[in-house]
Amino acid sequence: MRAGMMGLLVLLLALAATAMADERALRKARLMPMWSPQAQFAGYYMAREQGIYARHGLDIDILEGGPGRSAVESLTACEADFAVLWLATALQQDAAGPRLVNLAQIVQRSSLMLVAKKASGIAAPHDLMERKVGLWNGELSLPILAFLDTYRLRVRRIPQAYTVNLFLLDGIDAASAMWYNEYHTILSAGVNPDELQVFSLHEHGITFPEDGLYALERAYRKDPALARAFAQASLEGWRYAFDHPEETIEVVLRIMRQANIPASRAHQRWMLARMRDLIVPADADGVMGRLQPAAYEAAGRILRDHGGIATVPDYETFTGGDDARN
Amino acid sequence: MRATKSIASTFTLVVSVCTILIFSVTIGSFYYRSRVALKKEMRNDAANLVLASIYRVETTLHAIGKVTEGMARSLEMGEYTDQGLAALLKDTLADNGDIHGLGAAFEPDPAFNPPTPIVPYFFRQGDRLIFDPVDSSQYPNRDWYQIPKELGRKAWSEPYFDSGGHGILMTSCSVPVFLDNGREKVVRGVVVADVSLEWLTKLMASIRVLETGYSFLLSRNGTFLTHPNRDLIMNETIFSLTESLDRPELRELGRKMVRGGSGLAAYTDLRGMRALMYYAPVPSTGWTLGVVFPEAELYADVRNLTLVVAGIALAGIVLLTAAVHWIARRVTAPLGALAEATEEIASGNFDAALPAVRSGDEVGKLTFAFAAMTGALKDYIRDLTETTAAKERIQSELNMATDIQASLLPRLFPAFPDRPEFDIHALMDPAKEVGGDFYDFFFIDDTNLCFLVADVADKGVPAALYMMVAKTLLKAEGQRLGEPDQILAGVNRILAADNDSCMFTTVFCAILDTASGEVRFANAGHNPPVLISAGRARSLPVQAGFVLGPMEDVAYTAERIVLRPGDTLFLYTDGITEARNRNEELYGQKRLLEALQAVARQELAGMIRAIRAEVARHAADAPQSDDVTMIAIRYKGPAGSA
């Protein structure tokens, strides 16, 4: 009898110890997305919501991005451990230092497009000559500049902010747009697709990988396993999001409302569907999350030509070198 | 199975169905036309409501626009120091309570550091005006600055929520400030007036549309600025909503709305409520006000009225049906009674009482007619009964006459069983109870057999009586005179002597010498007999001779043939050859000869039966029109030779 009680006590203590050990095993880390909450980051939200990060031993805090909150600055200021960055942003930062490591390439190709109204008489790239074209500030416009260069177009560059209202009011002839975002915003303002002339950059030979997961190189060197686990869990989160789109949209809308950001269900549904098109490799043997060396080289050329950097790091170094294979 | 319907129920059914049909059409068209009229009226009401609301919004917005424009024009006219500009902004803001904040921003100048100057900005907090300069290099590509600059005209921004997080909807009116440098007008800066739309939200909420109707406001991009469903506000555009709901037709309506159209449209709202929507634009900002009138409520009065009318109609129809049924029953009840009475009459009771006649209407007349008919029928049946009785008496007498006549003719066969030299057989089948045909055969002496067939003109009782006389005479004279021509001449003389009724008879009379087979014969207008010899039947060529009766002193020719043993002589009356079928086709001599030839070898009894059957078969179901008589004699050879 006494021995039985003792045994039970020992068992209970052992269980409690295991639970505490699990608690301790979750490594805390912070992720900074490059923009306000939206379906562009659905995979990370779902990895957190579905406990995928936890299963990989991570407790990820997803910070709130948005205008005035630069993801790359958060990373360099060590306010975030990981960031979702454009490849162009990452390469520019890498050149300026401290150096970054690409943990996973999420968006495989350029989703950028130039959108014009057919009514303005624009049907082909050369029709953009001397027209007012809206361009975002900084590295976001680099692929567009490469596009204009390809067709040797001189355009009147108009700085473009976060809205497409100037375009809708015909203040500019063509606007920069993300396929998954601004393009649908234009449709949601009552413009029909057949009224628009769209120049998708990737259809004009500009395959510029966009969203990727990054960490500071020095942080990465300290604990490559943590970073790899984060990248794997994030990709798993994306797979879950694509398999459960309606559930994912609910989560995204909830997070957007919490952040007081206008949230349209149709818009987020569109965005998630387009993210799937952009993230899931088109060909069967493509690997999700892998930065393609060829695309990396092409992006590097564009950056050297238009982005004001002299060299890009070699592929192995930029993607974490030997540690990637360990 | 077909149910028998009474006149009353048929009549009631027809009247009810017709009435229901008429009422349905009437009420349906009343309802439809009322709706059309109501919709027309509602269109005016809706237009008035919407335009009045828009007018109130427009008045305020227009005033703000004017103030902002005035400010911009002031900046174009004069040179202001920073302090002067700030004072102007503050004074203007103080004078215009509808404006929440007022600022003036200028084009960046690369010659300065920083190139984007600080933007002077005042805003209202309660009664105080607070100076809150915007220190950001980002303003040149903000909508409120960039849009008026690029368009070169005043612009109202897409509404946004206030930065304080109070959920207050704001919009900005921006007016470009131009600088005329002699060559062209360039934009030097922008005056911006921020406006709280709290008053607008309240105004929209105060628009009452019936009980369950509502109004909503769309921005230029189609974003919901106000709507009873708060989730939509600033989150969805009418286009993103139609995409979510998969209702492309609403997208077309939305496009008409945001393009500044106005009108009345059938509209099914988010909750699936059928409604009519009137929409019109707010001119200065390009927003659209829509007012939704729920159809159910809009047409509630008409529907209720229609239901009341339908209820009254239904009650009326029930009442009408009952009345019609009652009247129909009242009218047809005597008919029913009459039908019952006549049924009894039909079953034979002519004394059945007919219903009492209460009125002189059609039923009354019918009853009278029935009564008269019953009387006439009774008389007729009485007469018929008497006539039938008389006829039956005559019939029984006739039957007796038939028996008597039949008994006069030799009917027992074989007639002479002790005379092997010949065989004889005969048949008389009268068309009526008694006939005018007859036959006879008798021995004159030991070897001479007299046989004859006769046909008295006419039939029935007179012919039968005449036949009796002729037969008696023929037998008496036959036995006395012994030669056929003399027999006929003798009988003719007696018949013609007292022939007042001008009746006559044809006779074929023959005498067979049983020893030699010689047949002596004479004909008084009768059909020639048929000789059947060696299996062949042929008509015997004979003198026609004159009929017995009409004329005295007629001489008849005696003729003779010799029958060889086995030969048969067949005598008959025209009842055989003139037997007709339904097609009036005569049996004819040809058929007779063929038939006889077919039965040539038979016994005489069988031959006669066969011919009778043959004639009957030819006539089929046609009634027998004439007496059928035949006699056949077959010579077998002298006695002892067989």
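About the thresholds
- Residues numbered from 1 in each chain as written.
- Chains lettered and ligands numbered in written order.
- Predicted model: local features only at pLDDT ≥ 70, side-chain atom pairs only at ≥ 80, totals over all residues.
- Heavy atoms only, no water.
- Helix = DSSP H or I, 4+ residues; strand = E, 2+ residues; numbered from the N terminus.
- Buried < 20%, exposed > 50% of the residue type's maximum accessible area, 1.4 Å probe, protein only.
- Contact = heavy atoms within 4.5 Å.
- Phe/Tyr/Trp six-rings, centres within 6.5 Å; stacked < 30°, edge-to-face > 60°.
- Lys NZ or Arg CZ within 6 Å of the ring centre and 35° of its normal.
- Disulfide = S-S within 2.5 Å.
- Pairing = 2+ DSSP bridges.
- Axes fitted to C-alpha atoms, helices over the stretch in contact; angles between N-to-C directions.
- Salt bridge = Lys/Arg side-chain N within 4 Å of Asp/Glu carboxyl O.
- 1 Å grid on protein atoms, 1.4 Å probe; cavity = no way out; pocket = protein on both sides within 12 Å on 5 of 7 lines; lining within 4 Å.
- Points joined across faces, edges and corners; volume = space filled by probe spheres on them.
- Nonpolar A, V, L, I, M, F, W, Y, C, P; charged D, E, K, R; others polar.
- Buried area = accessible area lost by both parts, 1.4 Å probe.
- Polar contact = N/O pair within 3.5 Å; in protein donor to acceptor, adjacent residues only side chain to side chain.

Take the environment of Ser188 of chain A next. By secondary structure assignment, the location of Ser188 of chain A is in the loop between helix H8 (182-187) and strand S9 (196-200). Ser188 of chain A gets classed as buried once you look at its relative accessible area, which sits at 6%. Along the sequence, Ser188 of chain A and Ala266 of chain A sit 78 residues apart, while their C-alpha atoms lie 8.8 Å from each other. Among all residues touching Ser188 of chain A, those that are not within four sequence positions of it are Asn221, Thr237, Phe239 and Ser240 of chain B.

Take the packing of aromatic side chains next. Tallied over the full model, the rule gives 26 aromatic pairs over all chains. Three or more aromatic residues joined by ring pairs form one cluster here, namely Phe413, Phe416, Phe422, Tyr439, Phe441 and Phe443 of chain B. Over the ring of Phe167 of chain A we find Lys117 of chain A; its NZ or CZ atom is 5.4 Å from the centre of that ring. For the cation-ring pair, Arg274 of chain A lies above Trp179 of chain A, with the distance from its terminal atom to the ring centre recorded as 5.2 Å.

This part covers unusual backbone geometry. Residues Gly97 of chain A and Pro98 of chain A are joined by a peptide bond in cis, for which omega reads -5 degrees. Take Pro98 of chain A: it is sitting in the loop between helix H5 (87-96) and strand S4 (100-105). The amide bond that connects Phe413 of chain B to the next residue, Pro414 of chain B, takes the cis arrangement and shows omega of -5 degrees. Residue placement: Pro414 of chain B occurs in the loop between helix H9 (362-408) and strand S13 (422-429). Located in the positive-phi region is Cys78 of chain A, a residue other than glycine, with phi close to 60 degrees. By the secondary structure assignment, Cys78 of chain A is in the loop between helix H4 (71-76) and strand S3 (82-86). At Leu210 of chain B, a position not held by glycine, the phi torsion is positive, near 50 degrees. Residue placement: Leu210 of chain B occurs in the loop between helix H4 (198-206) and strand S8 (214-218). Taking relative accessible area as the criterion, Leu210 of chain B reaches 39% and is therefore assigned partly exposed.

Among covalent bonds in proteins, the disulfide is the one between the sulfur atoms of two cysteines. All names here are of chain B. Applying the stated criterion across every chain yields a total of 0 disulfides over all chains. Here Cys509 is not disulfide-linked; the sulfur of Cys450 is the nearest cysteine sulfur, at 3.9 Å. On the accessibility criterion, Cys509 (0% relative accessible area) is buried.

Here the focus is the sheet that holds strand S19 (residues 536-539) of chain B. Residue and element names in this part refer to chain B. With respect to topology, 5 strands assemble into an open sheet ordered S13-S22-S21-S18-S19, the strand pairing being antiparallel. On the outer flanks of this sheet lie S13 and S19, each paired with one strand and no other. On average, adjacent strands in this sheet sit at an angle of 15 degrees to one another, irrespective of strand direction. As defined by bridge partners, strand S21 (residues 568-572) adjoins strand S22 (residues 628-635) across 5 bridges and the pair is classed as antiparallel. Paired with Thr568 across the bridge in S22 is Arg634. Contacting strand S18 (530-533), S19 and S21, helix H13 (residues 588-598) runs over the sheet at an angle of about 150 degrees to S19.

Residues and elements named next belong to chain B. Within strand S11 (residues 274-282), 7 of the 9 residues are buried, leaving the element largely enclosed by the surrounding structure. Note that strand S10 (residues 263-268) and S11 share 6 bridges and pair antiparallel. Of the residues in S11, the one forming a bridge with Gly263 is Tyr279. Between S10 and S11, which pair antiparallel and follow one another directly, the connecting turn spans 5 residues, one of which, Gly272, has a positive phi of 80 degrees. Where S11 and strand S12 (residues 287-294) come together, 8 bridges link them in antiparallel fashion. Within S12, the residue paired with Met277 across the bridge is Val292. Between S11 and S12, which pair antiparallel one after the other, the connecting turn spans 4 residues, and Gly286 there sits at a positive phi close to 80 degrees.

With the rule as written, the count across this model stands at 42 salt bridges over all chains. The shortest N-O distance in the salt bridge between Glu250 of chain A and Arg265 of chain A comes to 2.7 Å. Of this pair, Glu250 of chain A sits in helix H11 (residues 245-258) while Arg265 of chain A sits in helix H12 (residues 265-279); the two residues are 15 residues apart in sequence, bridging distant segments of the chain. Look at Glu250 of chain A and you get partly exposed, because its relative accessible area is 40%. For Arg580 of chain B, the salt bridge identified is with Glu584 of chain B, shortest N-O distance 3.4 Å. Residue Glu584 of chain B is classed as exposed on the basis of its relative accessible area of 55%.

What follows concerns the layout of surface pockets. Residue and element names in this part refer to chain B. Considered as a void within the structure, the second largest pocket measures approximately 600 Å³ in volume. In this structure, the second largest pocket is lined by 26 residues; those nearest its centre are Asp82, Leu85, Phe106, Pro117 and Arg188. The set of elements that each furnish at least two residues to the lining of the second largest pocket consists of helix H2 (82-95) and strand S1 (101-106). Of the residues belonging to the lining of the second largest pocket, the class tally is 18 nonpolar, 3 polar and 5 charged.

With that out of the way, let us pick up the interface of chain B and chain A. In this assembly, 24 residues from chain B lie in contact with 30 residues from chain A. Summing the contributions of chain B and of chain A, the shared interface buries around 2,200 Å²; its carbon and sulfur component is 43%. Looking only at chain B, the three residues that lose the most surface to chain A are Asn141, Glu150 and Asn235 of chain B, adding up to 22% of its buried area. Our count for the contact surface shared by chain B and chain A stands at 3 salt bridges. On inspection of chain B and its partner chain A, the count reaches 19 residue pairs in polar contact (both at pLDDT 80 or more). The leading source of residues in the side of chain B that touches chain A is helix H3 (residues 143-151) of chain B, at 5 residues.

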